[in-house]
Every structure is written in C-alpha cells, then in structure tokens.
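Topology and contacts: notes
Take a look at the letters that make up each chain.
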Amino acid sequence: MKELLVEGNSDQQQGLISAVEKFALMQDMRQLSPVERRYRELIPKTTPGPGQQYAFEVNLDQCTGCKACVVACHHENGLEEDETWRSVGLLYGGSSQYPVMQHITSACHHCLDPACMNGCPVNAYEKDKQTGIVKHLEDQCIGCQYCTFTCAYDVPKYSKKKGIVHKCDMCISRLNVGEAPACVRACPSEAIRITLVDTAVVRENPADYVRIPEAPDSRYTLPTTKYLRKKAFPENTTSIDFYSISPEHSHTPLIVMLVLTQFSVGIFCAGLFSGNHQHIFIALGVGLLALAASVFHLGRPLYAFRAVLGLKRSWLSREIVAFGGFALLSTAYAVDYGINSTVNDIFAMTTAILGIFGVFCSAMVYKVTKRPFWDNHVTTLKFFLTTGILGTSGILLVTMITGAGQTAPVLCGIIMILTLIKLMVEATILRHSLGHELTSLKKTAILMMGRFRPVTSWRFVCGILGGIVLPIFFWAGVINGFLLPLFIFFLLLTGEFFERYLFFRTVIPLKSQEQKFSNV
Amino acid sequence: MYKNRLIKKITNLVHQKDGPLTQELSLELSSLGLGRLPKRLLPEETVDMICGYCSTGCSLSVHMKEKNAVNLTPTIKYPVNLGSACPKGWEALTPLRAADRAVTPHLKNSHGKLEPVNWDTALKAFVDNFKKIQVKYGKESVAFLSTGQIPTEEMALLGTLAKFGMGMIHGDGNTRQCMATAAVAYKQSFGFDAPPFAYKDFEESDVIILVGANLCIAHPILWERICRNQHHPQIIVIDPRKTETAMAATKHYAIAPKSDLTLFYGLAHILIEENWIDQKYIEQHTSGFAEFRNHVKKFDPPAVSAVTDLSVDQLYEFAFTIFSKKRVSFWWTMGVNQSYEGVRAAQALINIALMTGNMGRPGTGANSITGQCNAMGSRLFSNTTNLLGGHDFLNPEHRQKIAALLKIDPALIPEQNSLAYDEIIEMISMNKIKGLWIIATNPAHSWINQRECRAILRQLDFLVVQDMYHTTETAKMADLILPAAGWGEKDGTVINSERRIGLFRKVVEPPGEALTDFEIFKRVADYWGCAELLEEWTSPEAVFEILKRISKDMPYDITGIKDYKMIEQNGGIQWPFWEKPTALPVCGEERYSHRTPGVRLVDKSERRLFEDGKYYHPDGKARFIFADVCVPPELTDDTYPFILLTGRGTTSQWHTQTRTGKSLLLKKMYPREIYVEINPEDAGRLNIQQNQWVYVATKRGIAKSRAVIVSTVKPGQIFMPMHYEETNQLTFAAFDPYSRQPSYKICAAKVAHHPYY
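Rules used in this analysis
Residues numbered from 1 in each chain as written. Chains lettered and ligands numbered in written order. Predicted model: local features only at pLDDT ≥ 70, side-chain atom pairs only at ≥ 80, totals over all residues. Heavy atoms only, no water. Pairing = 2+ DSSP bridges. Helix = DSSP H or I, 4+ residues; strand = E, 2+ residues; numbered from the N terminus. Salt bridge = Lys/Arg side-chain N within 4 Å of Asp/Glu carboxyl O. Buried < 20%, exposed > 50% of the residue type's maximum accessible area, 1.4 Å probe, protein only. Axes fitted to C-alpha atoms, helices over the stretch in contact; angles between N-to-C directions. Left-handed = near helix turned anticlockwise from the far one by under 90°. Contact = heavy atoms within 4.5 Å. Nonpolar A, V, L, I, M, F, W, Y, C, P; charged D, E, K, R; others polar. Parallel < 35°, antiparallel > 145°, perpendicular 65-115°, else oblique. Core = buried A, V, L, I, M, F, W, Y, C linked by side-chain atoms within 4.5 Å.

Quick word on the sheet that holds strand β20 (residues 500-506) of chain B
All names here are of chain B. Taken in spatial order, the three strands line up as β19-β20-β21 in an open sheet, and their pairing is antiparallel. At either margin of the open sheet sits one strand with a lone partner, and together these are β19 (489-495) and β21 (573-574). With five bridges joining them, β19 and β20 adopt antiparallel strand pairing. By the bridge assignment, Glu 489 is partnered in β20 with Lys 506.

Here's what the structure looks like:
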C-alpha cells in the first residue's frame, strides 16, 4: 500500500512542496477533477447569439440553504469585509402535514430593462451588448446611491469606504474565458447554473422569471433569472422576514435637500406672485444651501458634474440639471436685481418654471422606484404642497419684516388651506394600519404609529399649530408683529423636515434587506 | 501620443470605464491553477490544511502573499470536499483577526479583576495555585477539560502532561458532548471504537438512512457527497422536525421525539418476522443474535406505531426498503448521540446493519458522523477516558506497554479511570475538585443546564481558561487566562469522521504573546518540574512519531505514514495504514492515477473497514447489544406542555459562536437574536404572532426569544438553536448511562407572552 502511495521524492526536504511542483499537481488535478469537469458543465458551451443573453438559473429543489455561494462570491471577488453580492432568503409555507421550507439564493438578475441603469444619472451602468450582463462602472460612479433605490431586488450595494456602489457582474471576466462564476463553482449541490435566454421569450413571459412568492412584479425590469421547482409553492408561502418591519436609512442630506429646494422654489414663486422681489435673495441662499446639502449624499462629489450624462433616462439627472439651472438663473436674476433693481418678467418666469420642473423631477425620482409608499400621486402632491406652504409662509415672514403686511391675511388663508390638505393627504397613509392584510403600506403605517410615533406626532403638532392654529390668531389680528410669522414659519419648516424624515425611514422597499428577525 | 493622452484624460473625466476603483475589483489568472482571483490578493503559493470546524475534514488551500494568509479556496484535489466548503470554511481566516483575541495572559488581581500579566507570572500562578490545591485536597482535586478542536499531538501532550506529569486523575473533553455515544457504541459492538465507513459510501448506497442528522446544515459537504450518488438513492430522514435535509430527502419519517430506539427495535422485529435478514452474515460474523431476536419480539408493529407516530404501513414500507435494496447505509449524528439512551439507539442501528448484511460492502455500514474537527483524535489520544491510544487504565499490561513506549515509570500512570465531564462537574459541586484547567472549550455556554454549571464553576478555587479569546463566557469566569493560538497558527494532525488523518498548518503568526497550545503545555511542564518526562515531545511532528509507535498493531495502526509531508501529498490518509503492505481492506475507484512530478497519489483513496467481516472482539465477531427502552427523563405536563428540541441553526454558526460570531460576513447570514420555532396551531392557540417576542421557560430557566411560526416543527414541539447563550439555560441535565453524553435534545417547556404567569 505504501508503495502505491508515494514514489521517490523521499529525501526532499520536509515542509511545503514547491510552487512549481504544486502548480503541476494542480494543473493535473484540474484536468481530472470531476468537480471541475462538472462545474464546466454548468455554464453554456457557447457565447450568447443574437437575441440571447446570459442568465442565472437556480434549481430550488437542489438549494439547501448552505450559503456557500454568498461567501464564495465574497472571497473569489475580493469584496469588503461584510460586503455580499449574493443573498439567501428563506420561505416557509404549507401545512403541518406537508410543511414547506425553501431557501432562495439570488444575486443580480441582469434585467432586460435594468432599473439601476435607467435611474443612474451618470451612465455608470452598461448592459453588455454581447452577454447581456448589467455591468457597473466603478470609476464612473459618483456614489449617489440612487440605484439602491431603483433596483427592486436590493442588488447594488453602497460602500461608504469607497464612496461608490458595487454589484454582481456574473463574474463576466471568468465567463469570458470559460470559467464558471464563483457562486456556480461553489455550490455543493449544483443548484446554480448559467444559461442562455432568448430576450424575446423574457419579454413575452416576464412572469416566468424570478417567479417567487413576494417577488416584485417582473414586468417592471424584466429580470432573467429563472427559478426551477418541481412543485408549486403553497399559497400561504411567505418569507421569514415578511413580518419583521424594519426602517430604512434616513438619507439626511436628501431630507435637507428636498425640503430646502422646495422652500427655495416656493418662496421664489410666491415672491413673484406677491410682487416682493427681495425674496430672491432668500430663494437663492436656500437653494444654494440645498444643493450643498445634496453634495453630502454623494460618495464622490467631485464628479457630480457627470450628472448631466443621464438626462435621457434618469429623473435624478433631470432633477440635478433642473435645480442646477434654477440656481444658476436665480443667481443671475439676483445679480441683475441687485444692480438694476428691475425685474425681467420672462427671465423670472423661466426661472420659476425651471424650479417647478425641478420639484416635479424630485417627485418622479421617488415615484419610479415603485415602492408603494413613494409610487403614487401623493408624492408629487406632497412635494408641491411643501413648496406652497414653505413658500407662502416664507413670504409671510418676509412681508412682515419688511413691513408690507397688507397681503398677510391672504397668505395666512393660503397657508391654512394648503396645510389642511397636506396633513389630510399625509394622514391617509395611517388608515392602512387598519387593513386586514399586511401590505407594504400597512407596514409603513405600522412604523409611523409604532417605532416612529413620536416623530409622527410632532409632525402633526407642528403642522396643526404652525399651519392652522397660529394663522387663525394672526388672521384674527389677535397678535401682530413679525414674531408670530416667525413661529409659523419655523413650525411649518420643522414639520416638513419631520414629514420628509418619515418619508425616507418608513418606506418599505420591494425586496426586504437581508436581516432576519431584526429589531422592529 | 501626448494629444491622445490628453483626450483620454478629458473623456475619462466625463465617462471613465476603467481606473483604480475598477482595478480594485479586477481578477487575474492565478498561476497556481486556481482560476481567476482578485488581483490585489493574488497568491504566491497556497498551503493546504484541514478546516478547523467540523469533523467532515474539508481541506482548504490558504492563499499566501508576502508570507501573509490573504484568502482561501477549498482544495480542489482533496478527496473529502472536492473543491467545496461551507461558509464557515470559506471564512476560516477572519476569526483569527478578531479584536478580542487574548494577546497576553490575564490573572485575577486582589480585587477580583482580570489584568494582563507576563507569561512568567502567569505560569507561576498556574503552578502555585494548582500545586497548593493538590497539597490541600489531594492530587485528584485538579482536573482538566479539553476539546475536539486542537490537533491530536496537542491532545496527547496535554493528556500525558496532566496525568503522568502533574498527577491529575480526571480529565475529559467537550467531545463528550458530541461523539462519546458513538465511541462507546462502536467499542461495545465491534470491539474497538472504529467508524467503518468512507464518505465514498454516500455515493455508492442505494438507500441512505439519516437518523437525527441534518447534513444540509450541519455537514453541507457531506450532503454534496450524497448529491454525487449516481444510483438514484432513496434518502430517508428520521427526525421529529422537517429539517432542511428532510425537505431535500426522498422520504421523511417524522417520528415522535426520542422514539428512535423503539422504531429501530420495531424495524428489527419486522425484518426478523419477515425473514428479511442475512442469516449467513449473522452466523459467520456476529454473536448474540438469538437474544436480540428474543428482545425485539415484544416490539410488534402496532405497539411501535403507537409510540413513534408512524403508521404500521409506514413501518413495513421502511423495513421493506431496507430489505429490498442491495446497499443500505445508516448514518447518525447528534439526534442519536445526544440522548439519555443514545448508545443503545446507535447500537440498534448497528444491529440492523449487521443482521441485514449491510456491513463491509460499498454503500453500506452503520456510520456515525461526528461533530468537531478532531473528535476522533480525542477518542484515540486524549488520554482521558482511554489510556493513550485506545488502551485501558485498569489493565496493568496496557500501563506497562504505554510506559515502555513513552520510556516513563509505569507508576506514573493512574490505575483508575478518569471521571466523565458531568462527573467532574459534580465533583466540583461536592468540593472534591477545586482546580480546573479548561482548554479551548466554553462550558459556561455549552454545558447542559448552563446556569447550574456556572454556579458550580464559581465554587472552584482556581480556574484556568486557555483560549483564543478572552471574551468567551467561560474565560470571563477565569482566575487565569492563557492566550492560545488558533487554527491556522500552528501545526498538527486531525482525524475526520471517515478516519482520515489530515494536517493543520501554521500560516499566520499568533497575535501578541499568544502561544500554541503545544508551547503552553511545554512551558507548563517546565514550570511544574516535569519537563524531563516530555524530552522526546519536542515538536508536533516529533509527537506524531510517538503516536505512530503507540499505534503499532492496534486497529488504528498508522505506522505506514512516513511523515506530515506524506499526509499532505496523499490528500490525507485514513487509518489504519500499516508499515508493511498487508491485505488492507480497500475500496474506492481509481481516482487520480495520473503521474505528476515526484508524486504519485493514492490509487485507492477511500477505504472502509470490515470488508473481511472480521471485528475486533477476541472471537472476531460483532455483538448484538440492546436494552429496554426508557422513558424520557423529563416528561411534558400541564405546566410545561411543549417538548423543547435543540440543534444547529444555520451553516454559518458553530457551537457557542466564539469564532463564527467574529465574522461580519457570517453574522449577516444568521438571525441576530435567539428564536424559537413553533407550529402555527400552537401559535394560534396561544395567540402568538409571527416574529413576536415570547418567553420560553423550563424548570431551569427562561429565555426571551423571537417566535418563528413554522409548520416544520410539529404541534406540541418547539425548536431552539443551540448557538445562543440562553438555550442551554433551559436544557435538562440527563445523561446516557454508558457514554455519559448529555441529552440535549429533549426536555419539557412552556411558551408564554409574559415572563411570569
């Protein structure tokens, strides 16, 4: 037996065998190893032809939830310490007689109509013409993280350290030389493979792809991953995370940016209507402040100028350009007014329209993410109401300070009406908490009334006090002077900040993040 | 040229497709045959070693760059894992870099606070305190608790030092918690603790019966081996829960908790009644069958059906499957081992394998899959339950033999057996053991009925904990912490479930002043004044030579293994491996027969035992061993109506999480908070909502847990994973009378909305 085992080489020094020796050994093994051979069978023999692209195919009957794919992907791609491009979810369902437990491994679905790419303001995403793989261009990314909003599958991952996002590229450089992607190679039960799909077939039957309970509607982005399972899922199948409701990140710079741009546009327009032109300086100051705030949201602000590239597809790009233009025009306007003390109406109107378009873009930025809390007309309405309320109350304050208080009652009336509408609109979400089914909107309502109850309460206190109670006093002439308008404005502004804070924190993404049983 | 560069710079400013950030993620072909790897982590060489978690014994190729371990991939050529690993293996290097590594010894000061000291002070305190205790209370008042996580050489050194050098009588390991039952079962049935299988048997079976084994979660790479089976095997899982493995199997028998022994006797009953047995094998190779036949007479199908929750039809179907297929293999894990009657349950499986002739042939066997990476090294060489190398402390000849082989005075070898883990704990509670040395294990978390265990450990005069981390639940209770090197920071050998000896290699320097356990033991010997006893024990590889000497003519004879290098070159070597080529039982296909420079690999790389039907009892026969079925030690009642099951949670978690809790990546993949799985019917009745906090209580303790409502647990049963500290505050301390293994798997519990009701 011993003779069979080792031949010669006995007097070689002990320790590690040399690299050359090992290389030869490995090469030999690679030719022979059944594993290698099988792994090669898990990728297509040919590259995609016309009308085809690469796609993941997962045999769920073979996935046992070991998660080797997640960790192998991490190591074979050299990701950051806790960075993962793959995730494994868990579904439960069935009855005590026939219980069903199913792990779901997923990475990027390399969609035909990728929402990450469509939303990117700087064209940092490309859909590879040859392979159909959705590639992210690391050096082009400015770290705006908008793709982490638009992707329905929670695929792009933001790295704070690097200031950019990363995502799965299906190990394109491996596939190009006939190697299997890391996850395919690492799966002990061969549940993941790469196939060729006909894009026309995906377009015709989008529902056949990512056909998993609770998965977002495939028609949205046309994902290409196919999940195979012999038996259909029982009707009551839900993900293990379904009942854990966790808040999202607050994105503070975006809160500041949104509220202040809307204030800026609002006061500009309100000033225009009320014929008071000093407001322009406030509008400009606030607008610039808003833009400055937005920069803090970027991982690589130096490259922010690239945002013009995505105009064709991206609402974020349009938003940035519109507000950039608004800031530019209002600066010119302010300079012009400062020097000449006259107003060019067409110039003013153009600026105002650009600003209003900017607010509209802001709303669209969130609407297109399809997250139920963001994806309705309420978002647009809310943003414009904020514009109106803050603009009017700002002007009210300005007129009181400058002593031109004759328009005050009208302004108060407007404030009261707008605030009343806005508070009612916002309150409508809370009725979802009474719903029988645990919908996405009900989860939002639960968060607002549960974990964020204090914020929600203060939001309404600020709104009612600043937008209704104090204006009534003011209207009735009980109190005069500029102190009351100051309070009104301050309360309304605070209220809007609270509202926007809730806007970000209580939204429920289409796919929940990988955080089983996290704190509610 | 210059113009082009300028144009490129400008276009890059606007739209940059390549650059430093892209390059950071770029891959490059490795010259080591590992395919494309991250460019910045491209290895100059790889070092292959066995993973330090479970007993599957996968090989990992650690990537070395500038003498640093930068990454790893599972070894492609290794016959165990064939290029795969579970998440723990892939992440094996990360826990070494944890911030809470013990980097200097810590000694309790006069205020009772642990403070850093140097090694000299630490070892003086170690020796002074233990010697003082021994003088005051007798030699046996100092004991040790060791582990299945360190290499065999270190275990042997510890056992030798403690028992022959320091005069300790009692020492045991955490392997008591995982494989003691299998060891005793084999020893009694086969005459020696010899798991008979090779993993290859997974691939060659027609029927694979998994009892209390959730391979998909506990041993994912062994599940891979099942997936490689080309015979379209029937995979039968016996488990009260619908585990991941039960989901993936072809058949799941959800028996009532702890009705396994009844089920196996019932199956034996049917097999005998129907004459579905192998008379020839029974006559030639076994003894005690007539008594066994008698014993199982009373286990008629209706009675067994009533106990197991399986119908009579299911019982016949099950028995017929065993009878009708040629190659049937039986595999068990902790569901059997961790039981108050685990030894007899394991032996009931052995009995069925024996009487159906499912032994010694490809794809057969009664096979125990164990827990820790070196459980088997501990079984053979820890010098705890057995005298070094599977010998007997009570046998004067054995003592003589070992003394001669070690060149020591036979009088140094204790003439009495060591107490088992639970008995050591009990001796502490009775103040008979006052000093305890714990090495690489965490009883303050893992021991059954943990609260009582902690209270008892507090009774000690001096507690030494030798560990990688100063933050384990046990280390926090210590009087002295000795900082130890971990896996990847030292050399040695380990033995996996299929008897394969593999290597641990040093690829990372231990942090700070941490030392290898080997070095710590040597220093202790110096300070204790028994260094001359260990003169020959200079390095792990020198110790391996001693172990080879001890193994001569034993069932696990490894005298044919020349050195570590031979182990490495052959992809591990299964015991036995004799020096002289003999008619070794062999199995396995020609796996890698190609010639490579200087090396020729194992032709028959996977071997099983008993192909000749010869067992280790003096008569060469295997024995049928059996006993009456007992009632569970704790039964449910009106106050505690639920049966609490415990087990492994996910593939990313290992035991008490001292290591897996250090990896951010692994932490992402398992629930942060302790949870309890409960059936929808019970949850509905108790008005418990999904994901809600509930209180699980037993007579021992209470644990606030998240309710996970799933129908994979049956009504009346609840399941909690063992990795969370609270779980073992609930478990009931019962033990198998033969193996002294704790019965973690069953106790009575209640679930409530409030802590007190």
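After that view of the structure, there is still more to cover.
Describing the pattern of salt bridges
All names here are of chain B. Under the criterion given, the structure shown has 51 salt bridges over all chains. The residue Asp 517 makes a salt bridge to Lys 490 at a minimum N-O spacing of 2.6 Å. Taken together, the positions of Asp 517 in helix α23 (residues 517-528) and Lys 490 in strand β19 put the pair 27 residues apart, joining distant regions of the chain. Residue classification places Asp 517 among the buried positions, given a relative accessible area of 2%. The class for Lys 490 is buried, based on a relative accessible area of 4%.

A word on the packing of helix α19 (residues 396-406) of chain B against helix α24 (residues 540-551) of chain B
All names here are of chain B. Close contact between α19 and α24 brings their axes to 10 Å; oriented N to C, the two are set at 145 degrees. Seen along the crossing, α19 lies across α24 with a hand that is right-handed. Seen from α19, the contacting residues are Lys 401, Ile 402, Leu 405 and Leu 406; seen from α24, they are Ile 546, Arg 549 and Ile 550. Taken together, the residues that form the contact of α19 with α24 break down as five nonpolar, no polar and two charged.

A closer look at the packing of helix α14 (residues 377-402) of chain A against helix α15 (residues 408-428) of chain A
Residues and elements named next belong to chain A. Following both chains from N to C, one finds α14 and α15 inclined at 155 degrees, their axes separated by 9 Å at the closest point. By the angle between their axes, α14 is roughly antiparallel relative to α15. Between α14 and α15 lies a crossing whose hand is left-handed. Partitioned by chemical class, the residues of the contact of α14 with α15 number 15 nonpolar, six polar and three charged.

Considerations on the nonpolar core
In this structure, B:Trp437 and B:Trp575 are the most contacted members of the largest nonpolar core, which totals 128 residues. Per-element tally for this core: the top contributor is helix α17 (residues 342-355) of chain B, with ten residues.

Brief notes about the pairing of strand β11 (residues 234-238) of chain B
All names here are of chain B. Buried residues dominate β11, accounting for four of its five residues. Here strand β10 (residues 207-211) pairs with β11 via five bridges, running parallel. When the sheet's bridge partners are listed, Ile 209 is paired in β11 with Ile 236. Across three bridges, β11 lies against strand β12 (residues 251-253) in parallel orientation. Note that in β12 the partner of Val 237 across the bridge is His 252.

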